[in-house]
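What the coordinates show
So you can see what is in the structure, the chains are spelled out below.
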Amino acid sequence: MNIHQHNKEFIGKFRTVLYDCEPAELKNQLREIFASDCEIHLTNPFEDITGPDALFDLVYAPLLDAIPDLERREFILTAGEASGHNWVACAGHYIGNFEHPWLDIPPTRHIVGMRYHEFFRIVDNQIVEMQAVWDIPQVMMQADAWPLSPSLGVDWLAPSPATQDGLTITSDPEQAAASVDHILAMLTDLGKHPLGGGPEIMQLEKYWHPKMIWYGPSGIGSMRRIQGFRNWHQIPFLKALPDRHGAVTEADCFFGDGNYVSTTGWPNMKMTVSGDGWLGIAPGNQEITMRSLDFWRMENGLIRENWVLIDLLHVYAQLGVDVFERMREVTYARQPRT
């Protein structure tokens, strides 16, 4: 068994305990597989914490209080090496009945789903680093509590891969390397527009399948086909952030696993909000960074599906917008009284 398959099985302990989630068992499991000084980088508002006890006490325990029957359902599991480090990356949904407030989001008493992308760096059978984006805006939307601009795409529970092989990937080094090369070439050409030429310089048809789907975060949404991708995400993004950079040369990690490519970086992009502004926020020429954890699936030499989670709450925070305070204001009548 190679190291990457071994690491997938190692992460299986964490996946299993979060499927039938019992707090005491989860806390013990975190202590078993996470290094005591593990660096944990989480989506806003959690940010950076250290070690498994903080991960349980500050993150999972409050979530379990809000969603007592919490269940973690995975649909992609990849592993690979980048820059001398071994990673496992997971994508899926946390689901359960939303019974009590979480982060001041009013409970629905109905089932909710929250997509996660989580990356784990493993050394000698211990997780020494975790990077995770949780789609918290997705929970706000299901609670009718999203306080900011609507998505241009469609907000929904993003599906598993069309090929249904996200948990049983068969990989070989040549295939994995070819997948990574395709993604890096695509990102390089994307970066040439608009400062280096017109839209044609990106050569989208060279890289993307005609029936591609881009599964974006809540607040941006999902879209199908190249034209949908351009209309509902790329054009607004590039008009607002024409100088974005770092997607290839400064990213911490690209690794292939069969027809899948995963990438992380904390952060992995830098840009200045200019042009027409973005996400309904007027341009102020602020420089921001962006955290994005992504998965691509290749099919017949083209990208057929792309799962993208961006820490939009972190973007808003850098632009001086307190999403949670705005949410409390618009849900004031539904907030518990003290």
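This report concerns the structure included in the present document. Keep in mind that this is a model prediction, so the values were computed, not measured. (Residues numbered from 1 in each chain as written. Predicted model: local features only at pLDDT ≥ 70, side-chain atom pairs only at ≥ 80, totals over all residues. Heavy atoms only, no water.)

A few points about the nonpolar core
- Core analysis: the largest hydrophobic core is formed by 92 residues, its most contacted members being W102 and W134.
- Top contributing element to this core by residue count: helix α3 (residues 52-66), with nine residues.
- In contact with W102, not counting residues within four places along its chain, are F46, P62, L63, A66, M114, W134, I136 and V139.
- With 20 residues, the next largest nonpolar core counts V133, I169, F255 and W307 among its residues. (Core = buried A, V, L, I, M, F, W, Y, C linked by side-chain atoms within 4.5 Å. Buried < 20%, exposed > 50% of the residue type's maximum accessible area, 1.4 Å probe, protein only. Helix = DSSP H or I, 4+ residues; strand = E, 2+ residues; numbered from the N terminus. Contact = heavy atoms within 4.5 Å.)

Brief notes about the sheet that holds strand β5 (residues 111-122)
- Strand order in the open sheet formed by six strands is β2-β1-β6-β5-β4-β3, and the pairing between neighbours is mixed. If you trace the sheet from one side to the other, it starts and ends with β2 (48-50) and β3 (71-82), each paired once. With strand direction ignored, the average angle separating the axes of adjacent strands in the sheet is 15°.
- Pairing analysis gives eleven bridges linking β3 to strand β4 (residues 85-97), with the strands arranged antiparallel. Counted as the bridge partner of R72 is Y94 from β4.
- Taken strand by strand, helix α2 (residues 23-33) contacts β1 (34-42) and β6 (127-134), and its axis lies near 105° from that of β1.
- Strands in contact with α3 are β1, β2, β4, β5 and β6; relative to β1, the strand with the most contacts, it is inclined by about 55°. (Pairing = 2+ DSSP bridges. Axes fitted to C-alpha atoms, helices over the stretch in contact; angles between N-to-C directions.)

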